[in-house]
Amino acid sequence: MPSRFLALSAAALLSFLGVSTESLHAQSEVVAVTDAVLQSPEADDWLMWRRTLDGWGYSPLDQIDRSNVEDLKMVWSRGIADGSNQGTPLVYDGVMYMPNPSDRIQAIDAVTGDLRWEYQRTLPEDLTDRLGRALSQINRNIAIFGDTIIDTSADTHVFALDIATGTLRWETEILDYRTLPAHQSSGPIIADGKIISGRGCMPEAGPDACVITAHDARTGEELWRRRTIPRPGEPGDETWGDVPDEERRHVGAWMVPSYDPELGLIYIGTSVTSPAPKFWVGGVENTHLYHNSTLALDVNTGEIVWHYQHLNDHWDLDHPFERLLVDTAVAPDPDAVEWINPRLQPGERRRVVTGIPGKTGVVYTLDRETGEFLWAKPTVSQNVIASIDGATGAVAVNPEVVFTAAGQEVMTCPVWQGGKDWEAGAYSPETNLMYMPLRHTCGRVMASDNGTWYDLTVRTEITPGEAMLGTIQAISAETGETVWTHSQEAFTMSLVATGGGLVFGGDSNGRFKALDHETGEVLWEINIGSPVTGFPVTYAVDGRQYVAVSTGYSLNTSALARLNPHHRPSRGNTLFVFALPEG
């Protein structure tokens, strides 16, 4: 057969697959992404969920800054797949890789918005029967390693795509969704060549679905798995009282971990049990490890090196959110910080894990090598934590809101939408401030025995005494002082900080804005029509900086819409990219 015919056939096949020969040639010389690249990425790129393994959500790019951000214009947009959108675009070497709902991934020219390739995973017809439609659609983030794009799928696999063509390289089943259903609404990170991923485990699955796993990033081979519920005989087993192992349920790790390469530790958070009220789970006196905890895992073995439990949770106030890894002086201001370790020497430098890990909206700062409690403070009204012992870090819950029987109703602040939720905050090394998207919620919560995941019924309202639902707070990682607060009617969503002195973020009413990172002043704002549910990123190609974000809807935007009924955004799933005018 003539070689020319073979070449034409290959070109035709690529065309059939939706891959242009131009895009194949353009990506054929892409340098493989190594662990060294991931641990020290180029400023132009955005290679993982929060750009760096420390979870900061910070880019050093500074072409767009406080003096010129008012000139920012949209340069392209693109519709993305239907479904609940919470995606984070990755950008490498001028190409954007965008996770869409329902396991669709697109490679897009990051300058023009033109599609290079698209992968759509074929999902089982009965998947939504096991996971529900909303959770099986969400795809918050993907990863990049070598010459592959790596993701975890709705049908509980991990898989890799060829970066040039989008064709499937390999796939590995993690759990059988029919017998151990779990939702993988967030994707993985890559740590020392390992794909680290967590998941939310459906209540009917039992404890064996509640696992964090590591897979070889080159082959997909499983390296280890760590249950988040202790097995009989393991440390922590006694914290479940007499609850049989098979009835210990729903301690998920459904958000994205952080990683410290020097310590070799993965930091990941966990969720509430099912049911949530502990009188149904062996008794309120038990702590039920490792729910609502920070786990520090050995990257090579999955061993729990240390853990810290943030809350014995009766109200679905999950704690799986981003962990910020920061090296900082630690000098909590007693006028600003409610709970402080008395052993702290003011101003001593520590390697800490900090941020707001859970829906309570409480900042926790821990030593990230040992898990030692350093300080904590509330940011929004809360009445579920009564106190934290500064010397031990032990958290005491408010007994007045602990359920003791079915039908009991209490008023809690916050409720299960947070406080804070999965919408991520950011940290800037220039200011040593963390920027947190928060909301003021309270509600009547009943232990309802209604057969739902949590056996709770909730009526949410804006916190009494607060006029606004949404807020962004800038909090010092050193002192705990709240340096500025931005308040607004619509609740705020994920943020990104930049070297240009800006904090970009959106809200549930379709506004996307840039704030001054020192003052919180709004310097630029645009209405992009639908809730800004995607995680914003910034990147550069050929010396030009861009800002990208996507819109859509989420469970939170739907559930909280009645609190601002005069807001009427659409629900369109669209990716928007902005830049300064050329020339």
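No experiment lies behind these values; they were computed from the predicted model shown.

Caption draft 1: Here's a closer look at the overall build of the protein chain. Scanning the protein chain from N- to C-terminus turns up 6 helices and 41 strands. For 583 residues, the compact-globule estimate of 2.2 N^0.38 gives 25 Å, and the C-alpha radius of gyration of the protein chain, at 23 Å, lies within 12% of that figure. Taking the principal axes of its C-alpha atoms as reference, the protein chain extends roughly 80 × 55 × 50 Å. Residue burial in the protein chain is summarised as follows: out of 583 residues, 64% are buried. The long-range fraction of contacts in the protein chain, counting pairs at least 24 apart against all pairs at least 6 apart in sequence, stands at 61%. In the form shown here, the protein chain has an accessible surface area of approximately 20,200 Å², with 48% of it arising from carbon and sulfur atoms.

Caption draft 2: Inspection of the sheet that holds strand β15 (residues 211–216) at higher detail. Read from one edge to the other, the open sheet built from 4 strands follows the order β12-β13-β15-β16, with strand pairing classed as antiparallel. Every interior strand has two partners, whereas the edge strands, β12 (189–191) and β16 (222–227), have only one. Each adjacent strand pair in this sheet contributes to an overall mean axis angle of 25°, direction not counted.

Caption draft 3: Representation of the state of the cysteines in the model. Counted according to the given criterion, the structure contains 2 disulfides. Shown here is the disulfide that connects Cys-201 with Cys-210, its sulfur atoms set 2.1 Å apart. What sets the handedness of the Cys-201 and Cys-210 disulfide is the S-S torsion sign, and at about 100° it is right-handed. Cys-210 shares its class with Cys-201; the two are buried. Between the sulfur atoms of Cys-413 and its disulfide partner Cys-442 the distance amounts to 1.9 Å.

Caption draft 4: Geometry of the pairing of strand β35 (residues 492–498). Burial analysis of β35 places 7 of its 7 residues in the buried class, the great majority of the element. Strand direction decides the pairing type here: strand β1 (residues 58–59) and β35, joined by 2 bridges, are parallel. Paired with Ser-59 across the strands is Thr-498, a residue of β35. Bridge count for β35 against strand β36 (residues 502–507) is 4 bridges, and the pairing is antiparallel. Of the residues in β36, the one forming a bridge with Val-496 is Phe-504.

Caption draft 5: Region of interest: the packing of aromatic side chains. Scanning the model with the defined rule gives 19 aromatic pairs in all. Taking the centre distance of 4.4 Å and the plane angle of 35° together, the rings of Phe-279 and Trp-280 count as tilted. Trp-280 sits in the partly exposed class, given a relative accessible area of 29%. An aromatic cluster of at least three residues, connected via ring pairs, comprises Phe-504, Phe-512, Trp-524 and Phe-578. Geometry around Phe-491 places Arg-439 over its ring, the cationic atom sitting 4.5 Å from the centre. Here Arg-571 stacks its cationic end above the ring of Tyr-553, 3.8 Å away from the centre of that ring.

Caption draft 6: Just the sheet that holds strand β39 (residues 537–541), in detail. Taken together, the 4 strands give an open sheet; going across it, the order is β2-β41-β40-β39, and neighbouring strands pair in antiparallel fashion. On the outer flanks of this sheet lie β2 (73–79) and β39, each paired with one strand and no other. The sheet shows a mean angle of 25° between the axes of neighbouring strands, taken without regard to direction. Strand direction decides the pairing type here: β39 and strand β40 (residues 544–550), joined by 5 bridges, are antiparallel. Each bridged residue has a counterpart across the sheet, and for Ala-540 the counterpart in β40 is Gln-545.

The rules behind these values
Residues numbered from 1 in each chain as written. Predicted model: local features only at pLDDT ≥ 70, side-chain atom pairs only at ≥ 80, totals over all residues. Heavy atoms only, no water. Helix = DSSP H or I, 4+ residues; strand = E, 2+ residues; numbered from the N terminus. Rg over C-alpha atoms; globule rule 2.2 N^0.38 Å. Buried < 20%, exposed > 50% of the residue type's maximum accessible area, 1.4 Å probe, protein only. Contact = heavy atoms within 4.5 Å. Areas by Shrake-Rupley, 256 points an atom, 1.4 Å probe, with all protein chains shown as cover. Pairing = 2+ DSSP bridges. Axes fitted to C-alpha atoms, helices over the stretch in contact; angles between N-to-C directions. Disulfide = S-S within 2.5 Å. Phe/Tyr/Trp six-rings, centres within 6.5 Å; stacked < 30°, edge-to-face > 60°. Lys NZ or Arg CZ within 6 Å of the ring centre and 35° of its normal.

Note that all results are geometric; they support no functional claim without further evidence.
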